[in-house]
Amino acid sequence: MTVLDLNSELSGLLGAENVLVAPERMQPFLSEPRRRFHQSARAVVTPRSVEYVQALVAWANTNRQPLVPQSGNTGLVGGQVPLTGTEVVVSARHLNRVLEVNAGAGHISVEAGLTLQQTHEAADAAGALFPLTIASQGSAMIGGILSSNAGGVQVLSYGNARELCLGVDVVLPNGELMHGLNSLRKNNTGYDLKDLFVGAEGTLGIVVAATLKLFPKPEGYETAFISVADPEEAFALFEQMRERLGTTLTAFELMPRFGVDMLLKHGVIERDPAASISDWYVLAEVSRARGGRDGALLDALEGAFESGLVENAAVAQSESDRENMWKARESMSDVQSREGASIKHDVSVPLAAVPELVTRGIAAAKQILPGIRPCPFGHMGDGNLHFNFSQPAGADPKAFMAGAEPIHEAIYAIVTDLGGSVSAEHGIGQLKTHLLQRVKDPVAYALMKQIKAAIDPNNIMNPGKVFDL
Ligand SMILES: Cc1cc2nc3c(=O)[nH]c(=O)nc-3n(C[C@H](O)[C@H](O)[C@H](O)COP(=O)(O)OP(=O)(O)OC[C@H]3O[C@@H](n4cnc5c(N)ncnc54)[C@H](O)[C@@H]3O)c2cc1C
């Protein structure tokens, strides 16, 4: 089919205003945040209703036209952009309605193209909280959040996207709509198909709407930037705080001083959020329920001082202090690009193994490249670190990246040895297909392929993502 024929077929199905074929108009949909993957597409389409999505997918199935589902295009593993240039990108951006909010019963139903930020706002306007929080929330949309099973900074207390999802509506690869929106907390009627589509990275169908859990809005937050000697002490602090604070401890994030220094050097933050210079920090936050006791975090910190786990701590005295602390955490990945090239890993290990992961990972990378600057940070309370490394000061970025493979291998070997995962929250996309095949239990991998073949026999849904082409 020529480009002209394709354009006219798609325009006939969806309306010409919802079909983009000019390279400059497709451009924003074709490269992703890290600019690692870039590929052209046959077209980008923006259907305006679920019925249009169904018509498009049925047509694609008949014509063996590969599709790439896309929501906010903030994914970090290249799942949402084309791989071969023969695909049609299907953007959820026009499916952006709030369908129902019920704060009392604790659920909200939205279409896939509503941004996470807009979902927060809709929940907030109804007096409730949708807790999933990530730095890309102004752009990331519910379809992508669910399809990548996003995590973020409050998983510790509220769970990741999968745990926050009650049901999904999905357009299957044959164009049928699987109705799944429901607010049931208990529903043991056979296989839970929702969980197949959450985290499927667009390989099994197009998520068009979802019902999500809402929670009571906290009355306030207590936030501290805590100086600790090393990740061992950070983990001991986590155990102690978790025991005292239970699920009111909603964030526990680890950061190295090197990261804070970069943020100050590049003017990303103006004030040092820490009370003193220390090799490592923990950003801990307590969410106070209505009528809950004020000062719970301070009490927990006092206990930690007494047991010698904490060197010093800055406790946020104002919203501006809290924002500064969170800005430091949320900008940790971005600021690395201002220091040159960086090698990144999104990995998880059992909670108690985080300190060992840090120690062994840093030692292994330094043995390969002595000047390398480690910057492991992230969701320590979930056992999930973004184990990043900045290039040696003044090194050539291209030469540094050319030597990335042995460092990847070393980190993934340690993670695997510790019983961890090579992708904690970003997914497989096109970045880690080879790794998945290597590390996944062979029986589980074969079963995943059988499921894919059963649901999408013509392999039109995001081919080459999760599984190699
Ligand atoms: C600054 C920054 C910070 C981030 N922080 C975090 C973080 O803390 N935690 C975290 O987990 N992630 C994080 N991410 C990664 C990313 O934001 C999340 O993975 C997010 O969930 C992706 O949502 P999206 O709407 O942008 O999806 P996209 O990037 O558009 O798509 C992601 C995947 O889902 C598929 N997909 C998209 N829409 C649909 C649909 N409607 N139906 C079926 N499949 C679909 C795509 O094909 C792709 O495989 C961050 C990214 C950035 C840039």
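The rules behind each value
- Residues numbered from 1 in each chain as written.
- Predicted model: local features only at pLDDT ≥ 70, side-chain atom pairs only at ≥ 80, totals over all residues.
- Heavy atoms only, no water.
- Core = buried A, V, L, I, M, F, W, Y, C linked by side-chain atoms within 4.5 Å.
- Buried < 20%, exposed > 50% of the residue type's maximum accessible area, 1.4 Å probe, protein only.
- Helix = DSSP H or I, 4+ residues; strand = E, 2+ residues; numbered from the N terminus.
- Domains from an automatic or database assignment.
- Contact = heavy atoms within 4.5 Å.
- Lys, Arg positive; Asp, Glu negative; His and termini not counted.
- Salt bridge = Lys/Arg side-chain N within 4 Å of Asp/Glu carboxyl O.
- Polar contact = N/O pair within 3.5 Å; in protein donor to acceptor, adjacent residues only side chain to side chain.
- Pairing = 2+ DSSP bridges.
- Axes fitted to C-alpha atoms, helices over the stretch in contact; angles between N-to-C directions.
- Near = heavy atom within 4 Å.
- Areas by Shrake-Rupley, 256 points an atom, 1.4 Å probe, with all protein chains shown as cover.
- Nonpolar A, V, L, I, M, F, W, Y, C, P; charged D, E, K, R; others polar.
- Parallel < 35°, antiparallel > 145°, perpendicular 65-115°, else oblique.
- Left-handed = near helix turned anticlockwise from the far one by under 90°.

(A) Spatial organisation of the nonpolar core. Grouped together as the largest cluster of nonpolar side chains are 52 residues, with contacts concentrated most on I226, L237, M241, L249, F252, V282 and L357. Element by element, the count of residues in this core is highest for helix α16 (residues 404–417), at 7 residues. No fewer than three residues from each of domain 3 (220–333) and domain 4 (339–417) sit in this core. Among residues more than four places away in sequence, those in contact with M241 are I226, G246, L249, F252, A284, L297, A300 and L301. Grouped together as the second largest cluster of nonpolar side chains are 32 residues, A123, L132, A140 and F197 included.

(B) Examining the side chain of D346 more closely. Inspection of the secondary structure puts D346 in strand β17 (residues 346–348). Although buried, D346 forms no salt bridge, and the nearest oppositely charged side chain, K432, lies 4.9 Å from it. Within the structure, D346 has its side chain in polar contact with the side chain of N384 (distance 3.1 Å). Aside from chain neighbours lying at most four places away, what touches D346 is N384, L385, H386, S421, V422, S423, A424, E425, H426 and K432.

(C) How the structure looks around the sheet that holds strand β4 (residues 88–91). With mixed pairing, the 4 strands of this open sheet are ordered in space as β1-β2-β4-β3. In this open sheet, the two strands that pair with only one neighbour each are β1 (19–20) and β3 (67–70). Relative to strand β2 (residues 43–45), β1 runs antiparallel, the two being bridged by 2 bridges. Each bridged residue has a counterpart across the sheet, and for V19 the counterpart in β2 is V45. Of the strands in this sheet, β1, β2 and β4 are in contact with helix α1 (residues 3–14), which crosses β2 at around 5°.

(D) Representation of the site of the ligand in the model. The environment of the ligand is made up of 31 residues, and the closest members are P69, S71, T74, G75 and S136. Taking M141, its main chain carries an N or O atom lying 2.8 Å from an oxygen atom of the ligand. A distance of 3.1 Å separates an oxygen atom of the ligand from a polar side-chain atom of N462. Calculation on the ligand without its partners gives an accessible area of 970 Å², and the protein chains cover 91% of this total. For the shell around the ligand, the secondary-structure elements that each account for two or more residues are β3, α5 (142–147) and β10 (206–213). For the shell around the ligand, the class distribution of residues is 10 nonpolar, 19 polar and 2 charged. Residues lining the shell around the ligand come from more than one domain, with at least three contributed by each of domain 1 (3–91) and domain 2 (98–216).

(E) Inspection of the packing of helix α14 (residues 354–368) against α16 at higher detail. Direction vectors running N to C along α14 and α16 enclose 155°, while the axes themselves pass 9 Å from each other. Here α14 lies roughly antiparallel to α16, going by the angle between them. For the pair α14 and α16, the sense of crossing is right-handed. Touching L357, R360, G361, A364, A365 and I368 of α14 are P406, I407, A410, I411, I414, V415 and D417, all from α16. Class assignment for the residues of the contact of α14 with α16 results in 10 nonpolar, 1 polar and 2 charged.

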